[in-house]
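# Structural description and commentary
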Amino acid sequence: MRILMVTPYPPIRDGIASYAVQAVKGLRAEGHDVEVLSPGPSAAHYHLDLVGPRGALALAKRVGRYDKLIVQFHPDFFYPVPSTARDRAAVSLALLAAFRRAGEVEVVVHEIDYRHGRLGLDGVANRLLWSSVDRIVVHTENERRTFAQAFGVSPQKITLTEHGVRFLPRTFYDRIRARASLGIPQDAFTFLSIGFIQPHKGFDRAVTAFAGLGARGCRLDIVGSVRVDDPGYVAYNNELSVLARATDGVGLHDGYVSDELFDRWIVASDVVVLPYRSIWSSGVLERAALYGRPIIATAVGGLPEQAAAGRDVTLVADDAELRTAMWSAAGQRTMNFPSTPWPIEGDDLRGAIQQEVRLRAATDRGSRVAAGGTRTAGTDTEALLGASTVSAPVRRVHQLQLPPTNSHRASAAFVKRMVRRLTAWEVEPVVGQVNALRAATVEALEELAVRRSTDPVPGDDDVPTVTQAD
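Residues numbered from 1 in each chain as written. Predicted model: local features only at pLDDT ≥ 70, side-chain atom pairs only at ≥ 80, totals over all residues. Heavy atoms only, no water.

### Thoughts on the packing of aromatic side chains
Under the convention used in this document: Stacked, edge-to-face and tilted are the three classes for Phe, Tyr and Trp ring pairs, Trp counted by its six-membered ring, which pair at centre distances within 6.5 Å; planes under 30 degrees apart are stacked, over 60 edge-to-face, the rest tilted. Numbering of helices and strands runs from the N terminus, with a helix taken as a DSSP run of H or I at least four residues long and a strand as a DSSP run of E at least two residues long. Think of it in three bands: with a 1.4 Å probe and only protein chains considered, a residue is buried below 20% of the maximum accessible area for its type, exposed above 50%, and partly exposed in between.
For the structure shown, the criterion picks out seven aromatic pairs. Judged by centre distance (5.1 Å) and plane angle (90°), the rings of Trp130 and Phe147 are edge-to-face. Of this pair, Trp130 sits in helix H4 (residues 121-131) while Phe147 sits in helix H5 (residues 141-151); the two residues are 17 residues apart in sequence, bridging distant segments of the chain. Each member of the pair, Trp130 as well as Phe147, is classed as buried.

This is the structure in C-alpha cells:
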C-alpha cells in the first residue's frame, strides 16, 4: 500500500516526530511504501506549511496519489495560535476537503481540545471533519470515550493502540555514564520532569512539592522548552524559571534536546515526575517505563489507564499527595523541618510560634529556600523569612489576564470577541510583559532580602533603634 504520513519529523525535536519515526519504520517492515510530509523543513520527503486553510488545501492537492493518508494530529500543526471560532471552522472545512480527496484516512490523535466539538460554527465544522475520517486512533479508553462524546463520532470508528508499542531505546548509556555526562553526582537522588514547557504540564507543581528536599541532597531537573511562541506559554516559562532559581536543588535546562539526550536524562534519573494538570496520554511515561524508571504522575486524562498496564507508576490526586509521593520516594518524611520541634518555652513563646508558622508556610509556598546546607534556626531561617516577607505584597498581586469574552447575553459576547480579535495582537504582548515584570520583581526582592540577611550592609548595626519611649 502506498501511504502518505503527515507528521513532524526529525531533526525536529518533538515527541510526535519521534513517535512517527518508529511508526514509519514499523509500516515499512510490514511491506508498505511510506512517504512522509512534515509541517516544516526536516528529513521527510516533503514539507509544507500546513497552518491555516491554505495549508490544508495545499495538502488536498497531494493526497490523491496515495492509497492511504495517515495524520499524526496535533492542533498546532493546522490551526493558528491563537485562533477564533471562525479561524478554526475555516481550517476544519479545508481539512475536510483534503480528507475527502484521500483514498483512506487514518488520524492518530495526540492532543485535541474537546471544547471545539460543542455546538457553534467551529463545532459543526469539526464534527463534519471527524465524521469523514475512516479510522481515528487514540491511546486510552478515556480518550476514546471523551472524543466520541465531544465530536459525535461513533465509538466503533475509534481504535485504541498502545502508546509505546513501537518505542525503541535511543541511548546506550547506563546510569553511571549518563550521570557523568550530564554532571549529576552519582549519589544524588534525582527527580526529572521533561517535555515541552506549557502551563498544563504543571512543572511548577513539581518544584513546589520538591521545596525542602534540596537541602537533603536531592535535586529536581526540569528539561524542556516552549513549543510555540504563545505569550501565555512564554510567561509561564518565565515564572517557572524564577521559581526554579528560587528553590534550592532545582535546575531548569531550557532548550530542545535530541531523542538520545531525552532518553539519557531519563536513564540518569531516579524518579520521573509528571505533574500534569491535564493531558491526553503521555509518551514520556512510556519512555520512562522503557528504561524501568519509577514514575510519579497526577491521575488526569489517560494516565490512570497507562499506569494500569503494569508499570511502576504512583498516581496522585493533588499537590499534597504529589509532595508526599516525592518525599517518600526520596526516603524523607513529608515534613519540611522534622528536626526542628515547635517552640514550647521562652519569654516570647507566642512570637516564636508565629515565626515558625511563617517559616513553614513560606517553604510550603515554594518561596526562596536558602541555598546550601541543612536548615538551622540561624541565618538560613532569617533569609527565608526575609525573602518571603519582602516579596509577599508583589506575589499577592495576581497575574494580569485578558478579560473573558463569555456573557449571558449573546450580543455582549459577540462584541467582546470582536474587541478581543481586533486588539489581541497589541494587548497580549503587553500582558506578557507585565507578568514578566511581576516575576522579575519578586525574584529581585527575594534575592536582595537573602543577600542582606546573609551579608548585612556595613554600618547597619550602628543605626540606632527608635523605640516608643524615644
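Here the narrative resumes.
### Comments concerning a nonpolar patch on the surface
Put simply, the rule reads: Each patch groups residues whose relative accessible area exceeds 30% and which form no salt bridge, using 9 Å between like charges and 5 Å between nonpolar side chains of Val, Leu, Ile, Met, Phe, Trp and Tyr. Values of accessible area rely on a 1.4 Å probe in the Shrake-Rupley scheme; residue burial ignores everything except the protein chains shown. Salt bridge, as applied in this entry: a Lys or Arg side-chain nitrogen positioned within 4 Å of an Asp or Glu carboxyl oxygen.
On the surface, a cluster of nonpolar side chains totalling about 470 Å² of accessible area is made up of Phe414, Val415, Met418, Val419 and Leu422. In this fold, Leu422 is placed in helix H15 (residues 410-454).

### Some details on the confidence of the model for the protein
As a reminder of what qualifies: What pLDDT conveys is the predictor's confidence in a given residue, as a value from 0 to 100. It only takes one pair of heavy atoms within 4.5 Å for two residues to be counted as in contact.
In this model, the protein carries an average pLDDT of 81, and 81% of its residues clear a pLDDT of 70 or more. Confidence drops under pLDDT 50 across residues 366-379; counting only partners more than four residues distant or on other chains, this segment forms 38 contacts. Predicted confidence is poor over residues 460-470, with pLDDT under 50, and the contacts of this stretch with residues over four places away or in other chains come to two contacts.

### Examining the side chain of Glu143
What counts here: Polar contact criterion, stated in full: a pair of N or O atoms within 3.5 Å, where within protein one must be able to donate a hydrogen and the other to accept it, and residues adjacent in sequence count only if both atoms are side-chain atoms.
Among the structural elements, Glu143 can be located in helix H5. Among the polar contacts made by the side chain of Glu143, one reaches the main-chain amide nitrogen of His139 at a distance of 3.3 Å. Ignoring anything within four residues of it in the chain, the contact list for Glu143 reads Val109, Tyr114, Val138, Trp280 and Ser281.

### Considerations on empty space enclosed by the protein
Using a probe with the size of a water molecule, rolled over the atoms, empty space left in the structure can be pinpointed. In plain terms, the rule: Lining residues are defined by having an atom within 4 Å of a point belonging to a cavity or pocket. Those points lie on a 1 Å grid over the protein atoms alone, cavities being sets where a 1.4 Å probe fits but cannot get out and pockets being open sets with protein on both sides within 12 Å along at least five of seven lines. Grid points are joined across faces, edges and corners, and a volume is the space filled by probe spheres set on the points. Residues are sorted three ways: Asp, Glu, Lys and Arg are charged, Ala, Val, Leu, Ile, Met, Phe, Trp, Tyr, Cys and Pro are nonpolar, and all the rest, Gly among them, are polar.
Across all of its chains, the model carries one cavity of 30 Å³ or more by this definition. Within this model, the largest cavity holds a volume of roughly 630 Å³. Taken together, 34 residues make up the lining of the largest cavity; nearest its centre are Asp14, Gly15, Ile16, Phe196 and Val284. Among the elements of the structure, helix H1 (15-29), strand E9 (218-224), helix H9 (259-268) and helix H10 (283-290) are those that each provide at least two residues to the lining of the largest cavity. The biggest single contributor to the lining of the largest cavity is H1, with four residues. Class assignment of the residues belonging to the lining of the largest cavity gives a composition of twelve nonpolar, 13 polar and nine charged.

### Points about the environment of Val273
You can see Val273 is positioned in strand E11 (residues 271-274). Distance in space between the C-alpha atoms of Val273 and Met326 is 8.4 Å, their sequence separation being 53 residues. Apart from the residues within four sequence positions on either side, Val273 is in contact with Phe191, Leu192, Ser193, Ala206, Ile296, Leu322 and Met326.

### Observations concerning the pattern of salt bridges
Applying the stated criterion across every chain, the model contains 14 salt bridges. In this structure, Arg88 engages Asp122 in a salt bridge whose closest nitrogen and oxygen atoms are separated by 2.9 Å. With Arg88 in helix H3 (residues 85-101) and Asp122 in helix H4, this pair connects stretches of sequence that are 34 residues apart. Arg88 gets classed as buried once you look at its relative accessible area, which sits at 13%. On the accessibility criterion, Asp122 (8% relative accessible area) is buried. Measuring nitrogen to oxygen at the nearest pair gives 2.8 Å for the salt bridge that ties Arg144 to Glu141. Within this pair, Arg144 and its partner Glu141 are both found in helix H5, separated by three residues, close to a single helical turn.

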